Structure formats: structure tokens, C-alpha cells
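# Secondary and tertiary structure notes
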Amino acid sequence: MKYLGLTQEEITASREQHGSNALTELEKEPLWKKFLHGFQDPMIMILLVALAIQMGLFFLKQAEWYEPFGVFMAILIANGVAAISESKQEGKALALKAEELAKEMVKVVREGSLQQVHINELVVGDVVFLQPGDKIPVDGEVLEGEFKVDQATLNGETEEADKLPNPGKLTYDIKDLLNTFYMYRGTVICSGEGYLEAKTVGDKTLFGELALEVQEDTRKTPLQIKLGKLADQISAFGYFGAVLIVLSILAKTMLVGPVPQGIWAWVRLIVDAITVAVTVIVCAVPEGLPMLTSILMSLQSFKMAKDNVLVRKIKGLETAGSLSILFSDKTGTITEGRLSVVELATGNVKLFSKLDTINAKLKADILTGMGSNNSATASHGEIIGGNSTDRALLDFIVKNMSGSYTKEELYSFDPFNSTKKCSSIVLARPEGKVTFIKGAPEILLEHCSHYLDENGREKELIERGFFMAYLDAQASRSMRLIAVAKAQGENPAEGWTLVCVASIRDNVRPEAALAIKEVQKAGIQVVMVTGDRKETAAAIAYEAGLIQSRDNVVLTSQEMAELSDDELKAALPKLSVVARALPTDKSRLVRLAQELNLVVGMTGDGVNDSPALKKADVGFAMGSGTEVAKEAGDITILDDNFSSIAKAILYGRTMFKSIRKFLIFQLTVNVAAVLTCFIGPLLGENIVLTVIQLLLINLAMDTLAAMAFGSEPALKEFMRDRPIPRDANIITRNMYGQVLCGSLYITAICLAILFFEPVRSLFGAVDTTYLKSALFATFMMAITFNGFNARTEHLNVLCNLGLNPQFIMVMGTILVTQFVFVTFGGEVLSVEPLAAQHWLMCAAFAVMVIPLDMLRKLVTK
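Below, the structure is looked at part by part. No experiment lies behind these values; they were computed from the predicted model shown.

### Concerning helix 14 (residues 464-476)
- Taking 1.5 Å per residue as the helical rise, helix 14 with its 13 residues ought to reach 18 Å, and the 18 Å between its terminal C-alpha atoms agrees with that figure.
- Looking at helix 14, one finds that the buried residues are Phe 467, Tyr 470, Leu 471 and Gln 474. All buried residues of helix 14 lie within an arc of 95 degrees about the axis, which places them on one face of the element. Exposed side of helix 14, more than 90 degrees from the buried face: Gly 465, Phe 466, Asp 472 and Ser 476 are the residues found there.
- Each element contacted by the buried residues of helix 14 is listed here: strand 12 (340-345), strand 13 (351-352), helix 13 (441-444), strand 21 (480-488) and strand 22 (496-505).
- At the C-terminal side of helix 14, Ser 478 shows a positive phi close to 65 degrees.

Set out below in C-alpha cells:
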């Protein structure tokens, strides 16, 4: 062997001096830290205040032990579910990463023999053997061989770079990726075979440096902003309501009586009033909301995993539903990510898309010209080796053959090189030697005097204009054109016969085009960012549906650089394609879009994409991409498919819809409870709903309702909504109207039972406790039936109900529970059992909340 490589002693010394080739792993945040971070949530902070108040009341003997315990459990569940879910998702991602890393073996020369070692075992000075398809494991200098290298993971460029040995030890800049002597970790050998000497390993490689530069982004998510506003509004509402209740009780006592006798009687009255007021503050806080968001994120994450979407950071899920602009890669995301033969054309422009429709004689020459004259190899249904064009041609042949394909035995083979732009083979046949040439059409046509027609007959190539027009048309469709010709004899210079021209392209995924259309209908602007030239990018964008009119803007990286930030912001709403893009372009686009207050999504797969993925509100990393990109992203698209991104958006929107449904339900309960407790004392009854009744309503409705609304299905109709602005309130005017309508009716009917004689008389001659029991039962049933109003915007409250059986189960449980409370609660709940006819009466009063809201929906629509 020409190279001896390092000895075991030299390997040990090199590792001690320069370190190993392992990359520093980003430290996984422990579960307890994730749990503690949850206390920064504004809703959790309000719950902590409520817990402190309840603890104070408990120590003052004004509250039972289970009241602060219930609030504590709500905090524990909300934080725990979110922390555990995110930790599990990170664990899955780390397991996938470890599985992929275990497969990364490298061919290296050591102690005079070729060995296979794990990538982490390499050291400075190792001699690495490289072949087509290998991922370069270290930064180093070419020792032997001529290579074509794909460096897209580092610089985003699609054009392959030439790498050669340094003939005279010329000086060069290793930071310049286009230098011809130095190779970089993470890049891929497209063609060529030879040896590389490792000069830099591990974190000191360019790949490693870029990986370490990725930092955490602290920008708040849209939902965090909206919940922060809601927390302020709820706090204000709770405190205002509490003050009003205390004042109303004191005012009623002073104006109507009975006036307490003695200072301790006044103290007791004030303590009772404050107790009810504090209870109202606790009730005003939707404890179930943090729990609901945690349950939703967890459930939706597990559902998405089945759709090839791995949620690495839980915040990415809810942010995906709020996207207003998405910057997407082309290769592998919008397109298939591999070259395919689209069609074959003869010299008289007869087109074929399959081999079995071609004349036998012509077919035989095509098989030889494209299959035998090919550096790729078919093995067990897979195409290995060769460059991307050769693999596409051979894949077309294999897939169109009924049996296995075997190459003809060659007399000689002259491989492709960039100087002559063609490759050729010579076959020794009985009738004499025959040469087949494959390469660029403009090169081959200069030597062709004849062509084979669709019947395999040789004809003189006279009418070139029509054929050239076809080639120009195909080029405008971003096709890569490869011509095949043959000639009698061994490598003759002239007198060639054109066999066919193959049109090859990285085709648009059919499902990606449909998904782009769906995302655009959802009001999300999609911008394709690619390293391809402008004409190719525009052709792909047009076919994918990104360019639909002349108003759509297509810019190159250079054209973008010539625009100021303000000019680019002005062009952004019409921007559809960025061609010849650099990594810095992606970061700039994200920054400017965020300055316009847009919610920004970014896809990426390379190390160079990592800063933009991290900076974006939600980063979609491709499953086939680098680990650095996956670490930087929030969501990993395991199948690299744009349609999976559309699914992530749908799941995010479903989550946000569920939160809004829950808020309608919960706020209706809270407002009705506050109004009932506020108006009751003004009408003569200091305690309408007891503290324990209020807490039972609060805990049952919060916890159980979170489970019910957390299981709402992902409906395609959500993709017809417009994106919700980043700083918009989570509660809309229509939601306020629905809450007000429902809560006013529930308050009115409940107070009517106690104070309005025509309604009160329906229950007969009963005491106040019995009427309060009927009021409590009506309140519980009314807010339960109102859950059906909250879960859909449709007039039909049963719409899609069958897709959420858990909702039916939960609402049924609440109805049964409230029956048990009223029937068996006794003195603890300050209730009496109701007669059967009175249950039916309460149910009739309660169910009227449904037609009332249907009428509201008709009026507002």
C-alpha cells in the first residue's frame, strides 16, 4: 500500500495533542429545569398568587385543605405535562441522532492496512480513503485523486467544487471553501476516488465551529404574548370584581340591613365578604388553561410523530399554527431531491416517457448508450456510485426493465470530465468496434451528421432548427439535457449518429404542490429560497404554484444585496423566490420579516442554515439534514416533504382553536359566577353560591374541560382561516360577544330562580336552601350545555362531535357529578336533594343556552 498511515502510538499522541473527532453535544436541559421554567408563564404566576391566597385563608380557618391543594395540583399538572412531553420528544430526537451516529464508519489507512473505524475515532494525521457518496469526516488536504465535492451543507451552493492534490505546496486560504486543495467535514464526494490527510478534527473543523455558534433564541412565541395579555386582563377583571362584591355586600348591609351589632359582628361580615371576593378572584383564573396547553402540546406532538413530524421543542408546535410567512428550501422539500428522467426525444422530436413504448432497435441503443456508458451501478434494486446524472439515467433504465439489467462488456471506457463534457465507451462486437458517447447536447451535435428516428432507422440530420427549438424549450423548463450518440469504429472524430436526448430534472413533488396551495389558502406566504440559478428556480416555482402572476417577485442573492433593508421590506409581500441564495440571505430575510411583526418559519438542512433556523419563530429542520440543523430547529420533518410542514401548521392551528374554545367555555363560567355573586347581595342574599360550590365548579370545569377540549380533531377547514397577527388578542370581539351572551343568560336564569317570583313559584313552597340547590344545579347544567356552543363556530352544535368522543364522555361526567353533588352534598355543599320534576325544570332552563347562542350566531353572521 502506498500510504502506511499512523501507528497506534502516533494515534494516541495525536489525540492527546489535538483532541478527538467527536463534536461537543449541546447539553440536554434536565427535566427539573424544564419544570422550573414553566413558572415563568404568566398564567402560572397568577395561579401561584391564587395558591398563596388560598393558603392564607386555610391558615385563617376560612378555607378547607383541599381548596389550596386543588390549585397546587393544577399548577403541578400543567407544568409537569409540558416538561415531561418536551423531555420525551427531545429523548426521541437524541435516540435518532445516536442511531445515525453509530452508522458513521470511515475507511482509514493505519499501520499499512485499510481499516474501518468510527468517525469519532479519527485524529489529526490520519489518511482517509474516500469514494463517491462518502461524507467527508474531517477537514484536511487532498493527498491523491481528483474529486467533485458537494459543499451545500456549508455554503448552500448547488455547484460541485473541484478538489485536487496540491502539486507544489502552494499557499491557500482554508477558510475559502472554493480553494481546490482542502476538503471540509460534512461535505459529500460526488465523483472521484483517493486519499485525504486529516488536518483538523472535532469542534475545530469548520463544521464544528458553525455547530457551536448556534445559540438559543429567546424571542417570545405568539401564544406566550397572547396569554401574557390575557393574564393581565384576567387579573384586572378578578380584582375589580372582588372589590365590587365586597362593596355590594357592605352597601346592601348598610342600606337594607340587618346591620351587625358590635365590632366583632362587623369584622365577621367583612371577613365573609372578603372570603367570597377572594374566591371570585380564584374562580376568575382559568386554572385549566396552562393544563390545557400542556395537554394539547403533548397530544398533538404524539399525533404528529405518526405524520413524519417530530416536535423537538414544544413551543414550535403552537408557533407553527400562527405562521404568516414561510421560507422554504427547494431541493428535497418542494422537489423530490433527486434527478429523474422526464422524457426521451429522438432527433425528429418524437417523445417517449417509458422504454416499453420504444422500438426494439432504438431501445437497444438507448440501453447501451445510457446504461453501459455509465459510472453508476445497479445492485439489488439500488443505484450506487456515479454522479447524480448517471444515477438518474440508470434508475430510469432499471425501473423500466421487466427483468434485471446487465451492462455490456466494454472494450474501453473513457469517463466524463469537465473539459470534454462527455464520456464514451467502445464495444467490441462481431461486426466491428462501436463507440457510444454521452454528454452535453451542444457538444455532441457538432459531431452528429445523422439521427435514429422512432423506428430505429438512421436518417440524415438536416432540420436542426426544430430540434434546437425543442432543446431550448426544455432548458427553459429547468431540464438538464444529456445526449446519447453512437459511431462506427473506435472513437472517431466525426460521423456520429444521434440516438436520443434525455431530459432530466429534480421534479416537483405532486403532494408538495398541493400542500403549497393549501398553505397559501391559509393566508401564509411561501417563499422558495434556493441556490439554483434564477431561471431554474423560477421554472420550479411556477410549476409548484409559487409564481402565479407577474406581480410575484423573483430576486437573486446579488439583487437582494443591492436593496436596502427598507426596500427589501417593501418588496417582501410580493417575494416568491430567492435564487443563488447565501446563508446570510436567510438570516436577513428572517430578521426583516420579524421587524415587520410577521411570524416567521424557516426550513433548512445544512450547517449553514442553522443560524436562520434558530432565529426564526419556528425552524423546520429536514430529517435528512445535518444534526446541527436539527438541533437548531424546533420541528424535524422526517420525510423532508413540504406536505408534512402543512400538517404541522394544521396541528398548530388546531391547538390554538382548542385554546380559544376552552377560553369561551371557561370565561363564560367565570363571568357568570362573578355576576351571580355580585348581583345576589344587591338583591338581598349575601351568599348565592358558597365558597365550596364555587371551587367545585371551578375545579371540575377547569380540569375536565381541559381534557374535553384537548381532544378536538384537526379539521381541514382550519386551513381556510387567515393567520392571526402576532400581537392580536387571543380573545376576539366575537368571543367576547359569545361569553357575554352565555354568561348573562346563565346569571339571569339562576338569579330568577332565587329572586323572580314567577320563576320561583314554579318550585312551590320551598325554603331558600332548596332554591339555592336548584340554582346550583341549573348553573352546572347550563355551563355544561354551553360547552357544546363553545366547541364549534357552526350553527349545528353537533358538527364533528363524533370525532371527539372524549368531549361527550367528559360532559356526561360533569352532568352525573353535579347530580351527585346536589343529591348527596347535604350540609357540606349547603344543598338539598331536588324532586324529579324540578330536575327536569332546571334542565329545561339550562338547555336554553344552546338555542340562544344559535340565535346569536345567526345575528353575528
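Still more to cover.
### Some remarks on the sheet that holds strand 27 (residues 618-622)
- Pairing is mixed across the open sheet formed by eight strands, whose spatial order is 10-28-27-26-11-23-25-24. Whereas interior strands pair on both sides, the edge strands pair on one side only; in this sheet they are strand 10 (309-311) and strand 24 (553-556). For this sheet, the mean inter-axis angle between neighbouring strands, taken without regard to orientation, is 20 degrees.
- Of the strands in this sheet, strand 11 (325-329), strand 23 (525-529), strand 25 (575-579) and strand 26 (600-604) are in contact with helix 19 (residues 583-595), which crosses strand 26 at around 165 degrees.

### A look at unusual backbone geometry
- Even without being glycine, Glu 111 reaches a positive phi, approximately 50 degrees.
- You will see that Val 349, though not glycine, has its phi angle at about 60 degrees, which is positive.
- Tracing the sequence through the fold places Val 349 in the loop between strand 12 and strand 13.

### Quick word on the pattern of salt bridges
- Within this structure, the stated rule accounts for 33 salt bridges.
- Of the charged contacts in the structure, one is a salt bridge between Arg 505 and Glu 543, with a shortest N-O distance of 2.5 Å. Here Arg 505 is found in strand 22, whereas its partner Glu 543 is found in helix 16 (residues 534-544), with 38 residues between them in sequence.
- Note on Arg 505: relative accessible area 5%, which makes it buried.
- Given a relative accessible area of 40%, Glu 543 falls into the partly exposed group.
- Across the pair Glu 712 and Lys 661 runs a salt bridge, and its minimum N-O distance is 2.8 Å. With Glu 712 in the loop between helix 23 (691-709) and helix 24 (733-755) and Lys 661 in helix 22 (residues 642-683), the pair connects residues that are 51 residues apart, well separated along the chain.
- Since its relative accessible area comes to 2%, Glu 712 is described here as buried.
- Judged by relative accessible area, Lys 661 falls into the buried class, the value being 11%.
- Sharing partners across several salt bridges, the network here consists of Asp 565, Lys 569, Arg 588, Arg 591 and Glu 595.

### Thoughts on the packing of aromatic side chains
- One pass over the structure, following the stated rule, counts eleven aromatic pairs.
- Between Phe 788 and Phe 807 the ring centres are 5.2 Å apart and the planes differ by 90 degrees, which places this aromatic pair in the edge-to-face class. Residue Phe 788 is found in helix 26 (residues 768-790), and its partner Phe 807 is found in helix 27 (residues 805-824); the two are separated by 19 residues along the sequence.
- Every member of this aromatic cluster is reached through a ring pair, and the members are Phe 662, Phe 665, Phe 709, Phe 788 and Phe 807.
- Here Arg 791 stacks its cationic end above the ring of Phe 807, 5.7 Å away from the centre of that ring.

Definitions and limits used
- Residues numbered from 1 in each chain as written.
- Predicted model: local features only at pLDDT ≥ 70, side-chain atom pairs only at ≥ 80, totals over all residues.
- Heavy atoms only, no water.
- Helix = DSSP H or I, 4+ residues; strand = E, 2+ residues; numbered from the N terminus.
- Expected span 1.5 Å × (residues − 1).
- Buried < 20%, exposed > 50% of the residue type's maximum accessible area, 1.4 Å probe, protein only.
- Arc of directions from axis to C-beta.
- Contact = heavy atoms within 4.5 Å.
- Pairing = 2+ DSSP bridges.
- Axes fitted to C-alpha atoms, helices over the stretch in contact; angles between N-to-C directions.
- Salt bridge = Lys/Arg side-chain N within 4 Å of Asp/Glu carboxyl O.
- Phe/Tyr/Trp six-rings, centres within 6.5 Å; stacked < 30°, edge-to-face > 60°.
- Lys NZ or Arg CZ within 6 Å of the ring centre and 35° of its normal.

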